[in-house]
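Each chain, letter by letter, is given below.
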Amino acid sequence: MVIPVHDVNPARRTPWVTYALIIANIVVFVALTPGVVGSLTGGGGSLADLCHLQSFLERWAVVPRELIHHQLPNLVPTGATGVGPRGAGCVIGPPRYDKSPELSVLTAMFLHGGWLHLLGNMLFLWIFGNNIEDRMGHVRFLLFYLVCGYAAAYGFALLNAGSGEPLIGASGAVAGVLGAYLVLYPKARVWVLVPFLIFLPLRLPAWIVLGLWFGLQAVYSAGQGVTDAGTVAYAAHVVGFVVGMLLAWPLKPGTPPPPEPRGMLFGRRARPGW
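Quantities reported herein were computed from a predicted structural model and do not represent experimental measurements. (Residues numbered from 1 in each chain as written. Predicted model: local features only at pLDDT ≥ 70, side-chain atom pairs only at ≥ 80, totals over all residues. Heavy atoms only, no water.)

Draft legend 1. Unusual backbone geometry, seen in detail. The residue His 70 is not glycine, and still its phi comes out positive at about 55 degrees. On the basis of relative accessible area, His 70 is assigned to the partly exposed category, the value being 46%. (Buried < 20%, exposed > 50% of the residue type's maximum accessible area, 1.4 Å probe, protein only.)

Following this line, the structure appears as structure tokens:
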């Protein structure tokens, strides 16, 4: 898998919505997600942190069974710890809050399961989001982002209607941004790092970079090529990407082409004219 670093596609206006989304995701992860501060200081991983995190996700994450069937649980993690017949564990009890499954799709878009999850999503949004916002405008881009996120969550939930596992992350919405970029700027050059003994810098067309990404998500969503397909919502990525392509398609006529360097440049030859 290649790691995108920068695209050769300057935007005409400041992508304020993209910046705001990135800041919001980071703030929610660092300031609101239980256990993050402890992990930064080396004190994370305790049972209390785990129980608090389970309670937090149960309230704010998407749960497919709740979204499709409106089957809200009678017992949920309370965030407290206790000792039972099998030893220490998380206490469960009746929920002390009212949860809207539909609204949880929105809140789940700003939750992440770890630093790699967060930084990966924000890297892709940083590189590709500014041009899509530039083409759509600020308000339309925000609506587009949310629609892709909702479509991805509902698509995954429909395919896993009986699941009680929480679904979190901006991946579905970001996948929609990638799908739109593939439609609008397929020939834009993207500077990437390719792991080949060392990280080899290449500047490749967007259709190769994003096409490879989508192909891998489609393969993984079928459970092929990975042993942990059940822990990552690859199907949500696929749905978000396709919805992003469809929503961006009407904007393709009249979209100004990006600068197009010739050839597949690498090393020092890839650096001039970033």
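Draft legend 2. Molecular detail of helix H1 (residues 16-32). The first and last C-alpha atoms of H1 sit 23 Å apart over 17 residues, in line with the 24 Å expected at 1.5 Å per residue. Those residues of H1 that fall on the buried side of the exposure criterion are Val 17, Thr 18, Leu 21, Ile 22, Asn 25, Val 28 and Phe 29. The buried residues of H1 occupy an angular sector of 140 degrees when the element is viewed end-on, so they sit on one face. Looking at H1, the residues exposed on the side facing more than 90 degrees away from the buried face are Trp 16, Ile 23, Ala 31 and Leu 32. (Helix = DSSP H or I, 4+ residues; strand = E, 2+ residues; numbered from the N terminus. Expected span 1.5 Å × (residues − 1). Arc of directions from axis to C-beta.)

Draft legend 3. Expanded view of the packing of aromatic side chains. According to the stated counting rule, one finds twelve aromatic pairs in the structure shown. Pairwise contacts between aromatic rings join Phe 124, Phe 128, Tyr 181, Tyr 185, Trp 213, Phe 214 and Phe 241 into one cluster. (Phe/Tyr/Trp six-rings, centres within 6.5 Å; stacked < 30°, edge-to-face > 60°.)

Draft legend 4. Fine view of the side chain of Asp 134. For Asp 134, the position within the fold is in helix H6 (residues 115-136). Here Asp 134 is in contact with Ala 11, Arg 12 and Arg 13, once residues within four sequence places are set aside. (Contact = heavy atoms within 4.5 Å.)

Draft legend 5. Molecular detail of the UniProt feature "transmembrane region" (unreviewed entry) in the protein chain. In this structure's numbering, the residues bearing the UniProt feature "transmembrane region" (unreviewed entry) are residues 16-37, 105-129, 141-161, 167-184, 191-214 and 234-251. For residues 191-214, helix accounts for 38% and strand for 58%, while the C-alpha atoms at its two ends are 18 Å apart. Taken end to end, residues 234-251 is 83% helix and 0% strand, and its first and last C-alpha atoms sit 27 Å apart. (UniProt positions renumbered as here; feature names shortened; annotations may be inferred.)

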